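So the chains spell out like this:
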Amino acid sequence: MADLLLQLASSSRARRVVRTLGLPIPMPTTLVRGDGPWQRQPLAGRSVVVAPGDSPLRAAVDDVARAMGAEASGERPWAAVFDATGLEAPEQLRGLFDAFQPLMKTLATSGRLVVLGRPVQDVSSVAEAATQRALEGFVKSCGREVGRRGATANLVQVQPGAEERLQATLRFLLSPRSAFVSGQPLRVDGVCAAPPRVPLEQPLAGKVALVTGAARGIGRAIAGALSREGAQVVILDRPDDAEEGEAVAREVGGRFLGCDVTAPDAAATVAAHLRDGPGHVDVVVHNAGVTRDKTLAKMRPEQWDLTLAVNLSAIVRLTEGLDPLIADHGRIVCLSSIAGLAGNVGQTNYAASKAGVIGFVQALAPRVAERGIAVNAIAPGFIETRMTKAIPAATREVARRLSNLAQGGLPTDVAEVATFLSSPGASGLTGQTLRVCGGNFVGR
Ligand code: NAD
């Protein structure tokens, strides 16, 4: 079902009525999203304000903004970046206020606020830890305030020594492709070996990608985005979904593989398919997932079993089975959910499986880091797909409104994050879970 409030919001008359009546209904803004393949200068014609003047990463941030085609000043800045990596005492947080407060009225619709900080575990004093942690509260609240205008606010915690890996993450967050990521702390570190080359365009040229559950919804969007950036994609879905799967394969110029990920021989089937074709895989996206919602009191054992089998056990077994075929500097992306971070009534099975995914990426990341393989999870909030169509209408509307952006996300929003995490430049992120929820109310 189309979002009723999004439809209303596109009518100026309806907006006026809602405002006049003072209804407590957030009216969603149409988000600016990325279009077509990655561009070298996605911010051409836009401006990015960088502050403060003398901070440790100032020059690096200026370089990124310039390379993206941005100008240093403009009446309605598209984005502002505050480098707080040098802040060591709470009093210095005043610099954040001074830099961002004047921007709150002038920031462009659907614009971006980014704060750079340090991971709290990497700082040397208690005062510095308090100061750095304060940035999280600031960014999450800022995200809520600017969300009404479709804008986002995020925090990048740069580990000392990993500064040269900041570029790709900053490019992604400043670009329109991060439209539904807000209130999110991301850590850039040096855990995973860096690739020899980080292309800014066609980042996945020559790469082989496998996407499970790709016949529809988020998986289909991910397959399309990976292929758009140059990857050769294997579309995996259940044999019963062959018709839709074949259609997606044609759409993205890839190959369909009918396989139930819970089958005992699933890993062997996928491995044989890859060996018959390219012989290896660079990107594995574990997207296949199901819900079987019931309160625990009413849940049947088969509902528990299926949800855990598809959403978690299959990821563990498939990754183990494919390990010898995953190339150096490969990427593994797993679909978790904000339900895995916060829990949800009627989703003990689903939330357990999705929290398990978070544990999986945390544990696997250091084990494959030497091979340059990065492993991350994505925790979508409410995304408009068949899965969320199954939610009762009233609950569905409430779920949409819970995001800072007052709307549900689109499959493409998750696909853009999955593509970024699959790219060579994302080597600075591993073992992490990125929420793609428009700053929804839950989780870290
Ligand atoms: P969807 O139901 O539209 O698509 C899921 C796909 O997985 C389907 O094509 C289905 O056939 C496939 N699949 C299911 N069981 C399978 C199996 N045993 N073997 C192979 N394929 C199988 O769902 P979606 O909304 O696109 O969700 C994609 C992923 O994102 C899921 O892991 C889901 O849990 C997660 N997620 C979605 C949302 C949301 O709001 N839509 C929110 C949080 C997380």
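To continue, consider the site of the ligand. Residues in contact with the ligand amount to 28 residues; listed here are only the nearest, R216, D237, N287, Y350 and T385. Between the ligand and the protein, one listed contact pairs an oxygen atom with a side-chain N or O atom of Y350 at 2.6 Å. About the coverage of the ligand: the protein hides 97% of its 830 Å² of free accessible area. Counting only elements with at least two residues in the shell around the ligand, the list comes to α7 (217-228), α12 (348-368) and α13 (386-389). Among the elements that line the shell around the ligand, the one with the most residues is α13, at three residues. Taken together, the residues that form the shell around the ligand break down as 12 nonpolar, nine polar and seven charged.

With that settled, consider the nonpolar core. In a soluble, globular protein the nonpolar side chains are often hidden away together inside. With 64 residues, the main nonpolar core has L116, I222, L226, I235 and I378 as its most contacted residues. Every residue in contact with L116, bar those within four places of it in the chain, is listed here: L57, V61, V81, F82, D83, A84, T85, L135, L155, V156, L166 and L170. With 36 residues, the next largest nonpolar core counts L210, L318, I332 and V368 among its residues.

A word on the domain arrangement of the protein. By convention, interface size is frequently given as the accessible area that disappears when the constituent parts associate. Domains assigned within the protein are domain 1 (48-188) and domain 2 (208-436). Using only C-alpha atoms to locate each centre, domain 1 and domain 2 end up separated by 29 Å. Across the boundary between the two partners, domain 1 contributes 22 residues, which contact 24 residues of domain 2. Regarding the contact of domain 1 and domain 2, the summed buried area is about 1900 Å², with carbon and sulfur atoms giving 55% of it. Remark: the boundary between domain 1 and domain 2 carries one salt bridge. Taking the shortest distance from any N to any O, the salt bridge between R177 and E416 comes out at 3.1 Å. For the pair domain 1 and domain 2, the interface holds eight residue pairs in polar contact (both at pLDDT 80 or more).

Read from one edge to the other, the open sheet built from five strands follows the order β1-β2-β3-β4-β5, with strand pairing classed as parallel. Unpaired on one side and paired on the other, β1 (48-51) and β5 (184-188) mark the two borders of the sheet. The average undirected angle you get between the axes of adjacent strands in this sheet is 20 degrees. Pairing analysis gives six bridges linking strand β3 (residues 112-117) to strand β4 (residues 152-158), with the strands arranged parallel.

Moving on, we come to the pattern of salt bridges. Within this structure, the stated rule accounts for 21 salt bridges. Where R133 meets E136, a salt bridge forms, and the shortest distance between an N and an O atom there is 3.5 Å. One end of the pair is R133 and the other is E136, both in helix α5 (residues 126-147) and three residues apart, which spans about a single turn. Across the salt bridge formed by E416 and R228, the nearest N and O atoms sit 3.1 Å from each other. With a gap of 188 residues between them, E416 in helix α15 (residues 411-422) and R228 in helix α7 connect regions that are remote in the sequence. Residue classification places E416 among the buried positions, given a relative accessible area of 4%. One network of salt bridges, in which partners are shared, links R177, R228, E229 and E416.

Calculation rules
- Residues numbered from 1 in each chain as written.
- Predicted model: local features only at pLDDT ≥ 70, side-chain atom pairs only at ≥ 80, totals over all residues.
- Heavy atoms only, no water.
- Near = heavy atom within 4 Å.
- Polar contact = N/O pair within 3.5 Å; in protein donor to acceptor, adjacent residues only side chain to side chain.
- Areas by Shrake-Rupley, 256 points an atom, 1.4 Å probe, with all protein chains shown as cover.
- Helix = DSSP H or I, 4+ residues; strand = E, 2+ residues; numbered from the N terminus.
- Nonpolar A, V, L, I, M, F, W, Y, C, P; charged D, E, K, R; others polar.
- Core = buried A, V, L, I, M, F, W, Y, C linked by side-chain atoms within 4.5 Å.
- Buried < 20%, exposed > 50% of the residue type's maximum accessible area, 1.4 Å probe, protein only.
- Contact = heavy atoms within 4.5 Å.
- Domains from an automatic or database assignment.
- Buried area = accessible area lost by both parts, 1.4 Å probe.
- Salt bridge = Lys/Arg side-chain N within 4 Å of Asp/Glu carboxyl O.
- Pairing = 2+ DSSP bridges.
- Axes fitted to C-alpha atoms, helices over the stretch in contact; angles between N-to-C directions.

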